[in-house]
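Structure at a glance
Below are the chains, spelled out letter by letter.
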Amino acid sequence: MQDKPVALVTGANKGIGLQIARDLVAQGFIVLVGSRNLEHGETAAKSIGADARALQLDVTNQSSIAAAAEHIRKEFGRLDVLVNNAAVSHAGKPGRSLEEIAKSGRLSVVTLDEVRAVFETNVFGAIAVTQAMLPLLRDAPAGRVVNVSSAGGSLTLNSDPKNPHRLMFGTYSSSKTALNAITLAFASALESTGIKVNAACPGFTATDLNNFQGTRTVQEAAREPVRLALLDANGPTGTFSNEDGEIPW
Ligand code: NAP
């Protein structure tokens, strides 16, 4: 069994996931850089160092998920932290502006196929990966699951008529609402085990997800997910937060 704690970050070949992987290596973890394209994962892992290892993982593919869990058990014998970071903001044409993505993702116009594709990655993918990794997490001394969510998924904030951003609430944001719901559901189901399950909002960050229109850096964005990955035994479970504190559900 590996002496160092082991973390898996899904969708870690770029963006915020890559930075979370980098920060967890700096905290003494062996980090599995989940990537649906193995070559991209290998390049990303190399950019971090020897304690980062690429792992082929498509969160929408059950056999890829099962193979990843098996690989972790065989190669490392443990998994302490799972960060469900992989997500898509839409399933349409790449390279569009955030405004175009938000407009085409409105529930009044979006196709059901697109809604299914976004939920498949952002919601069902997180459920499937968490379930597959649970046997390993249960054996860990301090199992932690962090779901990378978004304040854009907050029903409380988006039902406030004074919130100008509520017009962006559509397919992607409602997938994050669902991710918040499954965070709470896993946290309740696992309450007696000591495994803590929390959701983090990284803030509006310049990445591919929003055509680099975000205003925060990946270094800033990774802070809250990494903090939740490192919670001690007294830390909370079933919370939704950013760097400034708890976010209303
Ligand atoms: P990003 O740069 O587009 O990264 C998304 C990652 O998810 C990529 O590695 C992508 O892999 C991966 N991915 C997509 N579908 C996948 C699948 N089926 N299986 C495995 N990996 C898959 O976006 P990001 O901004 O860093 O997003 C990271 C997280 O932060 C997401 O959960 C996002 O919703 C959340 N978030 C971001 C912002 C923001 O402003 N950027 C704000 C709030 C929340 P490929 O390279 O193969 O596509």
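Summarised in this report is the structure supplied together with it. Here the structure is a predicted model, which is why all the values come from computation and not from measurement.

The rules behind these values
Residues numbered from 1 in each chain as written. Predicted model: local features only at pLDDT ≥ 70, side-chain atom pairs only at ≥ 80, totals over all residues. Heavy atoms only, no water. Near = heavy atom within 4 Å. Polar contact = N/O pair within 3.5 Å; in protein donor to acceptor, adjacent residues only side chain to side chain. Helix = DSSP H or I, 4+ residues; strand = E, 2+ residues; numbered from the N terminus. Nonpolar A, V, L, I, M, F, W, Y, C, P; charged D, E, K, R; others polar. Pairing = 2+ DSSP bridges. Contact = heavy atoms within 4.5 Å. Axes fitted to C-alpha atoms, helices over the stretch in contact; angles between N-to-C directions. Core = buried A, V, L, I, M, F, W, Y, C linked by side-chain atoms within 4.5 Å. Buried < 20%, exposed > 50% of the residue type's maximum accessible area, 1.4 Å probe, protein only. 1 Å grid on protein atoms, 1.4 Å probe; cavity = no way out; pocket = protein on both sides within 12 Å on 5 of 7 lines; lining within 4 Å. Points joined across faces, edges and corners; volume = space filled by probe spheres on them.

What about the site of the ligand?
- Taken together, 28 residues form the shell around the ligand, and within it Arg36, Asn85, Tyr172, Thr205 and Thr207 come nearest.
- Here an oxygen atom of the ligand sits 2.8 Å away from a polar atom, N or O, in the main chain of isoleucine 16.
- Within the side chain of arginine 36, a nitrogen or oxygen atom sits 2.8 Å from an oxygen atom of the ligand.
- Those elements that provide at least two residues to the shell around the ligand are helix H1 (15–26) and helix H7 (171–189).
- Residues that form the shell around the ligand fall into these classes: eleven nonpolar, twelve polar and five charged.

Regarding the sheet that holds strand E5 (residues 144–148)
- Here eight strands make up an open sheet; going across it, the order is E3-E2-E1-E4-E5-E6-E7-E8 and the pairing mixed. Every other strand in the sheet has two partners, leaving strand E3 (52–56) and strand E8 (245–246) as the edge strands with one partner each.
- Against the sheet, helix H2 (residues 38–48) touches strand E2 (30–35) and E3, its axis set at about 170° to E3.
- On the sheet, helix H5 (residues 112–139) packs against strand E1 (6–9), strand E4 (81–84) and E5 and is oriented at approximately 180° with respect to E4.

Some points on the nonpolar core
- Membership of the largest hydrophobic core comes to 35 residues, with the highest contact counts inside it found for Leu8, Ile72, Leu79, Met133 and Leu137.
- Looking at this core, the elements with two or more residues in it are E1, E2, helix H3 (62–75), H5 and H7.
- The greatest single-element share of this core, amounting to ten residues, is contributed by H5.
- Those residues in contact with leucine 137 that sit more than four places away from it in its chain are Leu79, Asp80, Val81, Leu82, Gly143, Arg144, Val145 and Ile195.

Side note on unusual backbone geometry
- At asparagine 211, a residue that is not glycine, the phi angle is positive and equals roughly 55°.
- Looking at the element boundaries, asparagine 211 is found in the loop between strand E6 (196–200) and helix H8 (218–229).
- According to the relative accessible area criterion, asparagine 211 is partly exposed, its value standing at 35%.
- Phi angles above zero are rare outside glycine, and phenylalanine 212 is one such case at about 60°.
- When you line up the elements, phenylalanine 212 lands in the loop between E6 and H8.

A word on empty space enclosed by the protein
- Enumeration according to the criterion identifies one cavity of 30 Å³ or more in this entry.
- Approximately 60 Å³ is the volume attributed to the largest cavity.
- Thr10, Asn84, Ala86, Thr121 and Ala126 are, among the 13 residues lining the largest cavity, the residues nearest its centre.
- Only H5 and H7 provide two or more residues apiece to the lining of the largest cavity.
- Per element, the largest residue contribution to the lining of the largest cavity is five residues, and it comes from H5.
- Of the residues that constitute the lining of the largest cavity, the class distribution is six nonpolar, six polar and one charged.

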